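Overview (structure and organization)
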Amino acid sequence: MALAEGVEVLGPLGPRFDEILTPAALDFVARLHREFNPTREALLKQRAERQARLDAGEMPDFLPGTRHIREGDWRVAPVPRDLQDRRVEITGPVDRKMMINALNSGARVFMADFEDANSPTWENVIGGQVNLVDAVERRIEYTSPEGKVYRLGDTIATLVVRPRGWHLVEKHIRVDGQPVSGSLLDFGLYFFHNARRLLEKGTGPYFYLPKLESHLEARLWNDVFNFAQDALGIPRGTIKATVLVETILAAFEMDEILYELRDHSAGLNAGRWDYIFSAIKKFRSRPDMVLPDRAQVTMTVPFMRAYTELLVKTCHRRGAHAIGGMAAFIPSRKDPRVNEVALAKVREDKVREAQGGFDGTWVAHPDLVPVATEVFDGILGARPNQIERRRDEVDVSARDLLDLRVPGGSITEGGLRNNVSVAIQYLESWLRGVGAAAIYNLMEDAATAEIARSQVWQWVRHGAHLAEGPRVTPDLVRRIEDEEIDKIRQALGPETFGRGRFEEARALFEEVALRGEFVEFLTIPAYEHID
Ligand SMILES: CC(=O)SCCNC(=O)CCNC(=O)[C@H](O)C(C)(C)COP(=O)(O)OP(=O)(O)OC[C@H]1O[C@@H](n2cnc3c(N)ncnc32)[C@H](O)[C@@H]1OP(=O)(O)O
Ligand SMILES: O=CC(=O)O
Ligand SMILES: [Mg+2]
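Residues numbered from 1 in each chain as written. Chains lettered and ligands numbered in written order. Predicted model: local features only at pLDDT ≥ 70, side-chain atom pairs only at ≥ 80, totals over all residues.

1. Describing the overall build of the chain
So the rule is basically this: Each helix is a run of H or I in the DSSP string that is no shorter than four residues. Each strand is a run of E no shorter than two, and both are numbered from the N terminus. Radius of gyration: C-alpha atoms only; globule rule: 2.2 Å multiplied by the number of residues to the exponent 0.38. Residue burial is a threshold on neighbouring C-beta atoms within 10 Å of the residue's own C-beta, all placed from the backbone, with 20 or more meaning buried, 12 or fewer meaning exposed, and counts in between meaning partly exposed. Whether two residues are in contact is decided by their C-beta atoms, placed from the backbone, lying within 7 Å.
Looking only at helices and strands, the chain features 19 helices and 16 strands. Expected size for 531 residues packed as a compact globule is a radius of gyration near 24 Å; at 22 Å, the chain falls within 12% of this value. The buried share of the chain, taken over its 531 residues, is 50%. Of all intrachain contacts in the chain linking residues separated by at least 6 positions in sequence, the fraction that spans at least 24 positions is 76%.

Encoded structure:
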């Protein structure tokens, strides 16, 4: 179906999709795509070229050509009132019920996620935009199959949207015969339909930007923002965006990223899960940079500490917010013991962040909002943030960022089993359109599943030995797959198991964990299997 010049919509028109896929909105997205997709593609090519250099032994460093930016005295533009206090931010997919719960959760900010927490089925992508419009209009409602009615309370969180990363496309919309960029689609539709209304309501078009690998990728976003604001006649600088520093290469360009976006910046976020994934992915060719079991790669290991300390220092020097990350422990309303452990672990994580100077943090579940709020209240009190707290004493070198050693770390059979089982269970969930899941009481999403599968790949590639003795080989991994899938079948029962997509998930897992060549993102082959 062609609704705008050169634009084809290949997905079916679900309920109210016509409100989102209007000719004017599609034309706007097409203009964004025509203007910026060539640069997106060039930057993806640069990622591949950089990878080839890393594979050949080059090590990242702070860029000589941008020293003047790092050493210069500049600050980002101030953020609007409703982004000044971000002490607790809840995240979640663009699911209708969850969005209402998140907006009502008591968190200051809600990040509605088209990335790590979302499986980009056509229904989720366009249905998510319908939900966003209703949220902006404060009219979003939902009735559960049990008859429970959900609607917004009087005080709701500030809405921030995370579009997909630069690597993803949306196959259901073609512009001049090409699949449209997922980033430009998610951003473009939200901005087109809501920017003016958000401003009328005293808030604004706010974004989180995922998985950037360089300041040039930030520059591309900045160019997109200027183009979009001009096109709608909205002043430049109205959009505010927080960049996730969640690749190890971006850690070397934090100042430059803030600088590129200085009129649109709302700070940086320490996206810990993708960061660990990126450390594995970027140094996958190096036997001396193999990580131990993912459970041992905590925020207190030296390289994770180094990057978060540098992030706080960099942000505060530039007058920008430093936002913490996601502790993966999920509370339980059914099991008091699980709940107690989750609350204690999350508290510990948030205390470390608040004491380290972060201005706010992420939580994955409404029941974690009170504990995170209490911790940040304890440090911030009535202040909206602690940006004035400079961390000039922090001294992080390239060597600190790249020293991936984990003291006392080991690769164990338990760690391997967990990676295999979680990656398969997560992929199965993703294939059913559910992009975040609680598995063994932990939040698993695209980023954590990437760690699980890339660890298996890395251990096989380098013939790592388990602490128990055997080497990690494809045969061992396949045997563990059999055993773990049996356990899942038994736990679910044959009927539920049979209704699932476990065989497909297993095949996908093998594609991203056992293939000789490293697959850049698991979501790329997995996307072939949805819709
Ligand atoms: C690496 C990163 O990028 S982190 C950011 C991306 N990841 C995320 O955003 C994950 C967000 N969290 C989640 O999706 C969920 O918390 C999960 C999947 C981990 C667990 O969800 P559930 O198994 O449904 O948890 P549980 O059964 O305890 O939920 C209780 C209630 O809280 C709601 N809830 C749970 N998490 C959220 C959330 N993040 N936002 C809104 N509501 C939520 C549930 O919908 C449920 O509501 P109901 O009682 O009205 O039915
Ligand atoms: O997006 C957040 C992360 O930890 O990854
Ligand atoms: Mg991430």
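2. A look at the site of ligand 2
The line we're drawing: Think of it this way: take the backbone, place a C-beta atom on it, and check whether that atom is within 6 Å of the molecule or strand, in which case the residue is near it. Gly is placed with the polar residues, together with every amino acid not listed as nonpolar (Ala, Val, Leu, Ile, Met, Phe, Trp, Tyr, Cys and Pro) or charged (Asp, Glu, Lys and Arg).
In the vicinity of ligand 2, the contacting residues are D116, L244, E246, G271, R272, W273, D274, G325, M326 and A447. Going through the elements one at a time, α9 (272-282) and β13 (322-326) are the ones with two or more residues in the shell around ligand 2. Grouping the amino acids of the shell around ligand 2 by side-chain chemistry returns 4 nonpolar, 2 polar and 4 charged.

3. Overview of the environment of I424
Tracing the sequence through the fold places I424 in helix α14 (residues 413-431). The buried category is assigned to I424, around which 25 C-beta atoms lie within 10 Å. Not counting chain neighbours up to four residues away, the residues in contact with I424 comprise E481, E484, I485, F502, A505, R506 and F509.

4. Concerning unusual backbone geometry
Of note, the phi angle at R16 is positive, near 65°, even though the residue is not glycine. Inspection of the secondary structure assignment puts R16 in the loop between β2 (7-9) and α1 (17-20). Phi is positive for R138, which is not a glycine, with a value near 60°.

5. Section: the UniProt feature "domain: Malate synthase N-terminal" (unreviewed entry) in the chain
Note the cut-off: UniProt positions are given in the numbering used here, feature names are shortened, and annotations may be inferred rather than shown by experiment.
As recorded in UniProt, the feature "domain: Malate synthase N-terminal" (unreviewed entry) lies at residues 5-67. Across residues 5-67, the secondary structure splits into 60% helix and 5% strand, with the terminal C-alpha atoms separated by 45 Å.

6. What about the environment of L442?
Along the polypeptide, L442 turns up in strand β16 (residues 442-444). L442 sits in the partly exposed class, given 18 other C-beta atoms within 10 Å. L442 sits 69 residues away from E511 along the chain, and the two C-alpha atoms are 24 Å apart. Residues in contact with L442, not counting those within four places in the same chain, are A328, F329 and I330.

7. Details of the domain arrangement of the chain
Note the threshold: By convention here, the domain bounds are inherited from an automatic or database domain assignment.
Splitting the chain by domain gives domain 1 (2-399) and domain 2 (413-527). Domain 1 and domain 2 are separated by 26 Å when their C-alpha centres are compared. Contacts between the two partners involve 32 residues from domain 1, matched on the other side by 29 residues from domain 2. Where the side of domain 1 that touches domain 2 is concerned, the elements lending two or more residues are α5 (122-136), α9 and α11 (336-356). Here the side of domain 1 that touches domain 2 takes 6 residues from α9, the largest share from any one element.

8. Some thoughts on the UniProt feature "domain: Malate synthase C-terminal" (unreviewed entry) in the chain
With numbering matched to this structure, UniProt assigns "domain: Malate synthase C-terminal" (unreviewed entry) to residues 411-530. In residues 411-530, helix accounts for 64% and strand for 5%; the two terminal C-alpha atoms are 33 Å from one another.

9. Considering the site of ligand 1
In the vicinity of ligand 1, 23 residues are found, and the nearest of them are G92, N101, D116, A117 and A436. Among the elements that line the shell around ligand 1, the one with the most residues is helix α4 (residues 96-103), at 4 residues. In the shell around ligand 1, the residues fall into 14 nonpolar, 4 polar and 5 charged. Mapped onto the domain boundaries, the shell around ligand 1 takes at least three residues apiece from domain 1 (2-399) and domain 2 (413-527).

10. Overview of the nonpolar core
Across soluble globular proteins, nonpolar side chains show a tendency to be buried alongside one another. The cut-off we apply is this: For this entry, the nonpolar core is defined as buried Ala, Val, Leu, Ile, Met, Phe, Trp, Tyr and Cys residues connected by C-beta atoms within 7 Å.
Within the largest apolar cluster, 155 residues are counted, with the highest numbers of intra-cluster contacts made by V29, F110, V243, L311, A423 and L427. With residues up to four places along the chain from it excluded, the contact list for V29 reads V180, L184, L185, G188 and L189.

11. Some remarks on the packing of helix α2 (residues 23-55) against helix α7 (residues 215-232)
The test is simple: The convention used is that axes are lines fitted to C-alpha atoms, helices contributing only their stretch in contact, and that angles between N-to-C directions extend from 0 to 180 degrees. Here is the rule for angles: anything less than 35 degrees is roughly parallel, anything more than 145 is roughly antiparallel, 65 through 115 is roughly perpendicular, and the remaining ranges are oblique. Crossings are sorted by hand: turned counterclockwise from the far helix by less than a right angle, the near helix makes the crossing left-handed, and turned clockwise it makes it right-handed.
Contact geometry for α2 and α7: axes closest at 11 Å, N-to-C directions at 165°. Regarding the angle of α2 to α7, the classification is roughly antiparallel. By crossing handedness, the relation of α2 to α7 is classed as right-handed. Contact with α2, carried on its side by F28, R31, L32, E35, F36, T39, R40 and L43, involves L216, E217, L220, D223, V224, F227, A228 and A231 of α7 and no other residues of that element. Residues belonging to the contact of α2 with α7 are distributed by class as follows: 10 nonpolar, 1 polar and 5 charged.

12. Notes on α14
Because an α-helix completes one turn every 3.6 residues, residues spaced three or four positions apart along the sequence face the same direction. Our working rule: Expected helix span is given by 1.5 Å per residue-to-residue step, counting one fewer step than there are residues.
Compared with an ideal rise of 1.5 Å per residue, which puts 19 residues at 27 Å, α14 spans 27 Å between its outermost C-alpha atoms and is within 8% of the ideal. For α14, the buried fraction is high: 15 of the 19 residues fall into the buried class. Immediately downstream of α14, the backbone of G433 shows phi near 95°, a positive value.

13. Quick notes on the pairing of strand β4 (residues 109-113)
Counted only if it meets this: A pair of strands is considered paired only if DSSP assigns at least 2 bridges between the two.
Along β4, 5 of the 5 residues are buried, which leaves the element largely enclosed by surrounding structure. Burial along β4 is two-sided: the residues V109, M111 and D113 and F110 and A112 are all buried. Two strands pair when backbone bridges link them, and strand β3 (residues 88-93) and β4 are joined in this way by 5 bridges, in the parallel orientation. For E89, the partnering residue across the bridge sits in β4 and is V109.

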